[in-house]
Amino acid sequence: MAEAVKTPELTAEDHAAMGHGPVVAGVASTEANGGEEHATPSALGFDATMLVALAMLVVIGLAIWKKVPAMIAGALDKQISGIKDQLDQATTLRAEAEAIKSEYEAKAKQAAADAEAMKAAAEDEAKLIIARAKEDATALIGRRAKAAEEKIAAAERAAIADVRAKAASAAAAAAAQLIAQHHDAKADASLIDQSIASLN
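Since the structure is predicted, the reported quantities are computational estimates derived from the model, not experimental observations.

Colleague: Sorry if this is basic, but what is going on with the overall build of the chain here?
Modeller: On a plain count of helices and strands, the chain comes out with five helices and two strands. Counted from the first residue to the last, the chain has its helices and strands arranged as α-α-β-β-α-α-α. A buried classification covers 1% of the 200 residues belonging to the chain.

Structure (structure tokens):
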């Protein structure tokens, strides 16, 4: 193990003059421990900070040599193009959805207009049917009333004819009785002569 190289202790003024700022607690603890310093690890003349920086430079150099930034940029470009494609598809789908929505709204408006037109036509047709039914009922009532009047008139005529026939037969019977009672053979002979004379 390599022996630690002893360096002269620096005071707070020395640190301030070198731009290190105020003395940290580690220096104060070194002074409190009787001025003993711990050895800092080193390899090939590099301390830990320089080794970390060198390792970082090697990693960055390997990344550039293997074209890692180009690969990362390509992967990012692929992701960006995929996102753009998805956005384009979403825009297309939205446009199609808007078109379908407007089409169905137009169809719904047309259906509502058709329903209103059908309702109005049905109401008009119902009014016409009611008017025709009233006219038909009025005509039927008129026809039936006329037929009843005709039946009544026919019955009246038949009754009058029957009464007249009965009256005529009664009158004929009465006349026959009167003639039989008031005329004799001599009156009959004179009537016959008058009838024959009227024929000549």
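Past the structure itself, the notes keep going.
Colleague: How should I be thinking about the pattern of salt bridges in this particular structure?
Modeller: Close approach of charged atoms lets side chains of opposite charge pair. Tallying each qualifying case throughout the model produces two salt bridges. The partner of Lys107 in a salt bridge is Glu103, with the nearest N and O atoms 3.5 Å apart. Of this pair, Lys107 and Glu103 are both found in helix α4 (residues 68–182), four residues apart, which corresponds to roughly one turn of the helix. Given a relative accessible area of 46%, Lys107 falls into the partly exposed group.

Colleague: When you look at a nonpolar patch on the surface in this model, what are you seeing that I'm missing?
Modeller: A grouping of Leu51, Leu54, Leu57, Val58, Leu62 and Trp65 is seen on the molecular surface, where their side chains present a nonpolar patch of about 620 Å² in accessible area. Structurally, Trp65 can be placed in helix α3 (residues 48–65). In this structure Trp65 comes out as exposed when scored by relative accessible area, which is 61%.

The rules behind these values
- Residue numbering note: each chain is counted from 1, following its sequence as written.
- A pLDDT threshold of at least 70 governs which residues receive local features in this predicted model, and a stricter bar of 80 or more applies before side-chain atom pairs are shown or counted, although totals over entire chains, interfaces and linings include all residues.
- The basis for every side-chain value is the complete set of heavy atoms in the structure, and neither hydrogens nor water enter the calculation.
- Under the DSSP-based scheme used, a helix requires at least four consecutive residues in state H or I and a strand at least two consecutive residues in state E, with every element numbered from the N terminus.
- Only protein chains enter the area calculation, which uses a 1.4 Å probe; residues under 20% of their type maximum are buried, those over 50% are exposed, and those in between are partly exposed.
- One speaks of a salt bridge when a side-chain nitrogen belonging to Lys or Arg is within 4 Å of a carboxyl oxygen belonging to Asp or Glu.
- Note that patches include only residues with greater than 30% relative accessible area and no salt bridge, and the join distances are 9 Å for like charges and 5 Å for nonpolar side chains (Val, Leu, Ile, Met, Phe, Trp, Tyr).
- Computed with a 1.4 Å probe, the accessible areas rest on the Shrake-Rupley method; for each residue, only the protein chains presented here act as cover.

Geometry only, nothing functional implied.
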